[in-house]
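# Coordinate analysis (summary)
Residues per chain, in single letters:
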Amino acid sequence: MDDGTVTGRVLTVLDAVADLNDGATLATLTRRTGIPKPTVRRIAADLVNRGVLQREGSVYSLGPRLLEFGQRAAPELRLLAQPHLYDLFHRTREVVWVSTFTESSNVLVASAFGHDRAADMRRPWPSTLRSFRFLNSAAGLVLLAERPELAEEFRARPLPRLTPYSLTTWAGLDAATRAAQQAR
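Let me sum up the structure you'll find in this document. Note that the structure is predicted; figures quoted are calculated from it, not measured.

### With respect to the packing of helix H1 (residues 6-19) against helix H3 (residues 37-49)
- Contact geometry for H1 and H3: axes closest at 10 Å, N-to-C directions at 80°. Compared by their axis directions, H1 and H3 come out roughly perpendicular. Only Thr39, Ile43 and Leu47 of H3 make contact with H1, whose side of the interface consists of Arg9, Val10, Val13 and Leu14.
- Class assignment of the residues belonging to the contact of H1 with H3 gives a composition of 5 nonpolar, 1 polar and 1 charged.

Following this line, the structure appears as structure tokens:
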């Protein structure tokens, strides 16, 4: 959210880059953020210099410094979760993960998976709470059980089939959400 402050603008640029998994050009960032192009250019250049963004040609993507921040953000949760993740993985042989919700995103904290599921884990994590992809995930259903208003902005549009298991009707999504509520 560009609230006109320096911090607000920096976070708006970072959010725009994060939302575009394949990276973003300066023109795309300007269009998505609504911030004047010279300002976006200065912010992006400074973030590149600090390692928060990286630039390859004309495309900006998230930089390695964010990994450092992420590692420092929830070390206790990761350490507490890791043994349980591996136990569950060994029992199910499925991808197992722990995530946490912020106001606008779902952040992957830790995961366990086998070599046969590595390709699944290379796909972008559904982090934006206001996306069809996230709504159709297990974490999305859990969050919708707590915050059903998140789906309201989508109800006028059909649900796309993202995988063979995607819920493609609102009745189906509502039923899955009720099931998640009852499982709590």
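### Digging into unusual backbone geometry
- At Arg93, a position not held by glycine, the phi torsion is positive, near 60°.
- Counting through the fold element by element, Arg93 comes out in the loop between helix H5 (75-92) and strand E4 (96-101).

### Focus: the pairing of strand E3 (residues 59-62)
- Summarising the sheet, strand E1 (residues 24-25) and E3 pair through 2 bridges and their orientation is antiparallel. What sits directly across from Ala24, in E3, is Tyr60.
- Bridge analysis of strand E2 (residues 53-56) against E3 gives 4 bridges, and the strand direction is antiparallel. For Leu53, the partnering residue across the bridge sits in E3 and is Leu62.

### Comments concerning the nonpolar core
- In terms of nonpolar packing, the biggest core is built from 16 residues, with Val13, Leu29, Leu47, Leu53 and Tyr60 touching the most fellow members.
- For this core, the secondary-structure elements that each account for two or more residues are H1, helix H2 (26-33) and H3.
- If near-sequence neighbours (up to four positions away) are discounted, Leu53 is found in contact with Val13, Leu14, Val17, Ala44, Leu47, Val48, Tyr60, Ser61, Leu62 and Gly63.
- Counting residues in hydrophobic clusters, the runner-up holds 13 residues, among them Leu135, Leu143, Leu150 and Leu173.

Calculation criteria
- Residues numbered from 1 in each chain as written.
- Predicted model: local features only at pLDDT ≥ 70, side-chain atom pairs only at ≥ 80, totals over all residues.
- Heavy atoms only, no water.
- Axes fitted to C-alpha atoms, helices over the stretch in contact; angles between N-to-C directions.
- Helix = DSSP H or I, 4+ residues; strand = E, 2+ residues; numbered from the N terminus.
- Parallel < 35°, antiparallel > 145°, perpendicular 65-115°, else oblique.
- Contact = heavy atoms within 4.5 Å.
- Nonpolar A, V, L, I, M, F, W, Y, C, P; charged D, E, K, R; others polar.
- Pairing = 2+ DSSP bridges.
- Core = buried A, V, L, I, M, F, W, Y, C linked by side-chain atoms within 4.5 Å.
- Buried < 20%, exposed > 50% of the residue type's maximum accessible area, 1.4 Å probe, protein only.

Everything listed here is a matter of geometry and, on its own, says nothing about what the molecule does.
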